[in-house]
Amino acid sequence: MKKVLVVSSLCLFLGVTTAHARSYEFTVNCSSGSKVVQWGIGEIDPGKEYLRVATGTNNPGCGVSDYVPSRDSHLPVERHDGAGAVFQGAKLPALIGTAALGGVGGVLKFFGF
């Protein structure tokens, strides 16, 4: 009985943690070349448009478009994973400015909460 309970609990835990995983992919086109930027997001998901803007901010002067496998699968990949990936997309000065203007509520709004 204990084994069944442990296995059931483990299956439930794994099902819950993987259900929230989401990935966003963008193609970045620069004069120096192109690449794919992948964002592996866990339970903190700021949304596709936020990550598109973060990708553009991290690659100034480059175009950012949706990833198209048939066109972009041969390109090199830059991957950002986990909850820390969300904060990799946020530039510190923008976060400080948002906090100064709106306090904690402004920071939460900045991240889409």
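In case you missed it, the structure is sitting above this.
Rules used throughout
Residues numbered from 1 in each chain as written. Predicted model: local features only at pLDDT ≥ 70, side-chain atom pairs only at ≥ 80, totals over all residues. Heavy atoms only, no water. Helix = DSSP H or I, 4+ residues; strand = E, 2+ residues; numbered from the N terminus. Buried < 20%, exposed > 50% of the residue type's maximum accessible area, 1.4 Å probe, protein only. Contact = heavy atoms within 4.5 Å. Core = buried A, V, L, I, M, F, W, Y, C linked by side-chain atoms within 4.5 Å. Polar contact = N/O pair within 3.5 Å; in protein donor to acceptor, adjacent residues only side chain to side chain.

Q: Hey, could you run me through the overall build of the chain in this one?
A: The helix and strand tally for the chain stands at five helices and four strands. When the elements of the chain are put in sequence order from the N terminus, they spell out α-β-β-α-β-α-β-α-α. For the chain, with 113 residues in total, the buried portion stands at 25%. Considering only contacts in the chain between residues 6 or more positions apart, those separated by 24 or more positions represent 60%.

Q: Would you mind going over the nonpolar core with me for this structure?
A: Nonpolar side chains in soluble globular proteins tend to end up buried together. Tyr 24, Phe 26, Val 28, Val 37, Trp 39, Ile 41, Tyr 50, Leu 51 and Ala 54 form the largest nonpolar core, which has nine residues in total. For this core, the secondary structure elements donating two or more residues are β1 (22-30), β2 (33-41) and α2 (48-58).

Q: What should I look at first to understand the environment of Arg 71 in this one?
A: Structurally, Arg 71 can be placed in helix α3 (residues 69-72). In this structure, the C-alpha to C-alpha distance between Arg 71 and Thr 27, residues 44 residues apart in sequence, is 9.7 Å. Each residue touching Arg 71, except ones within four places of it in the same chain, is listed here: Thr 27, Ser 65 and Asp 66. Separated by 3.1 Å, the side chain of Arg 71 and the backbone oxygen of Asp 66 make a polar contact.

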